[in-house]
Amino acid sequence: MNFPKREYSASRGEDLYRRGVYTFWQRSFLHPSLVTFDAPTREECAVNRTTSNTPLQALVLLNDPIFVEAARVFAANILKHSRTWNEQIDWAFRRATSRPPTSDERRILADLHRTALTQFQRSPADAESLIHTGEFPGDPSLKPVDVAAMTTVARAILNLHETITRN
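A brief structural summary. Owing to the predicted nature of the structure, the values given are computational and were not obtained by experimental measurement.

**Some thoughts on the nonpolar core**
Ranked by internal contacts, the top residues of the largest apolar core, which has 28 residues, are Ile78, Phe120 and Ile157. Elements supplying a minimum of two residues to this core: helix H3 (65-81), helix H4 (85-97), helix H5 (103-122), helix H6 (124-131) and helix H7 (144-158). With eight residues, H7 is the single largest residue contributor to this core. Beyond its immediate stretch of four places on either side in the chain, Ile157 contacts Ile89, Ala92, Phe93, Ala96, Leu109 and Thr163.

Given below as structure tokens:
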């Protein structure tokens, strides 16, 4: 399926943050993320894309370096936006879903943040590793442990079905 043999390599520098429309797309060899999210092959025309929600998609959204970096930058913006937890989570949720979180969502995210913060305080090396995912420069004014804990929350918010499908 890959003739002639081609190698995929991620762009660097300014090219790294181009829109996804520039992703190299061949008729018979789709980018793995496109396959995971049910992009049609270019072998024939497709009027509509199928909509699915699979565990593999959730794993990609949680672990692919592209999405981890996006969550890290989102987390830094959350931390810089306001000082209190409630303001931060309201701002983040409105940005991602266009609505405020429910009390249950707020409680779940607070528990997640507390657990992540404790974990990263015990292992600052894990926090450093997480906040250096991707090439976008981090904000040196923010504590790595705080950014890593909020990145965990941001990853959860960005992985909500509501955030992904906007319905």
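Alright, that's what it looks like, and here's the rest.
**So, unusual backbone geometry**
The phi dihedral of Ser98 falls on the positive side, at around 65 degrees, and the residue is not glycine. Topologically, Ser98 is positioned in the loop between H4 and H5.

**Considering the pattern of salt bridges**
As enumerated under the stated definition, the model contains seven salt bridges in all. A salt bridge links Asp90 to Arg106; the shortest N-O distance between them is 2.6 Å. Residue Asp90 is found in helix H4, and its partner Arg106 is found in helix H5; the two are separated by 16 residues along the sequence. Across the pair Glu105 and Arg99 runs a salt bridge whose closest N-O atoms are separated by 2.7 Å. In this structure Glu105 comes out as partly exposed when scored by relative accessible area, which is 21%.

**Here we look at the environment of Asp90**
The exposure class of Asp90 is partly exposed, given its relative accessible area of 24%. Separated by 10 residues in sequence, Asp90 and Pro100 place their C-alpha atoms 5.6 Å apart. Sequence-distant contacts of Asp90, that is, excluding residues within four places in its chain, are made with Pro101 and Arg106.

**Things to note about H5**
Along its 20 residues, H5 runs 29 Å from first to last C-alpha, staying within 8% of the 28 Å computed at 1.5 Å per residue. In this structure, the buried side of H5 is in contact with H4, H6 and H7.

**Looking at the packing of aromatic side chains**
In this structure the tally under the stated criterion is one aromatic pair. A centroid spacing of 6.1 Å and a plane angle of 35 degrees characterise the contact between Phe74 and Trp91, whose relative ring orientation is tilted. One end of the pair, Phe74, is in helix H3; the other, Trp91, is in helix H4, and 17 residues separate them in sequence. Across the pair, exposure class does not vary: Phe74 and Trp91 are buried alike.

**Here we look at H6**
For H6, the full list of buried residues reads Ala127, Leu130 and Ile131. The arc that holds the buried residues of H6, viewed along the axis, is 90 degrees, so those residues lie on one side. The exposed set on the far side of H6, more than 90 degrees from its buried face, consists of Ala125 and Ser129.

**Thoughts on the layout of surface pockets**
Of the pockets and cavities examined, the second largest pocket occupies roughly 270 Å³. Lining of the second largest pocket is provided by 16 residues; of these, Arg72, Ile131, Pro137, Gly138 and Asp139 occupy positions nearest its centre. Only H3 and H7 provide two or more residues apiece to the lining of the second largest pocket. With five residues, H3 is the largest single contributor of residues to the lining of the second largest pocket. Grouping the constituent residues of the lining of the second largest pocket by class yields eight nonpolar, four polar and four charged.

Conventions used here
- Residues numbered from 1 in each chain as written.
- Predicted model: local features only at pLDDT ≥ 70, side-chain atom pairs only at ≥ 80, totals over all residues.
- Heavy atoms only, no water.
- Core = buried A, V, L, I, M, F, W, Y, C linked by side-chain atoms within 4.5 Å.
- Buried < 20%, exposed > 50% of the residue type's maximum accessible area, 1.4 Å probe, protein only.
- Helix = DSSP H or I, 4+ residues; strand = E, 2+ residues; numbered from the N terminus.
- Contact = heavy atoms within 4.5 Å.
- Salt bridge = Lys/Arg side-chain N within 4 Å of Asp/Glu carboxyl O.
- Expected span 1.5 Å × (residues − 1).
- Phe/Tyr/Trp six-rings, centres within 6.5 Å; stacked < 30°, edge-to-face > 60°.
- Arc of directions from axis to C-beta.
- 1 Å grid on protein atoms, 1.4 Å probe; cavity = no way out; pocket = protein on both sides within 12 Å on 5 of 7 lines; lining within 4 Å.
- Points joined across faces, edges and corners; volume = space filled by probe spheres on them.
- Nonpolar A, V, L, I, M, F, W, Y, C, P; charged D, E, K, R; others polar.

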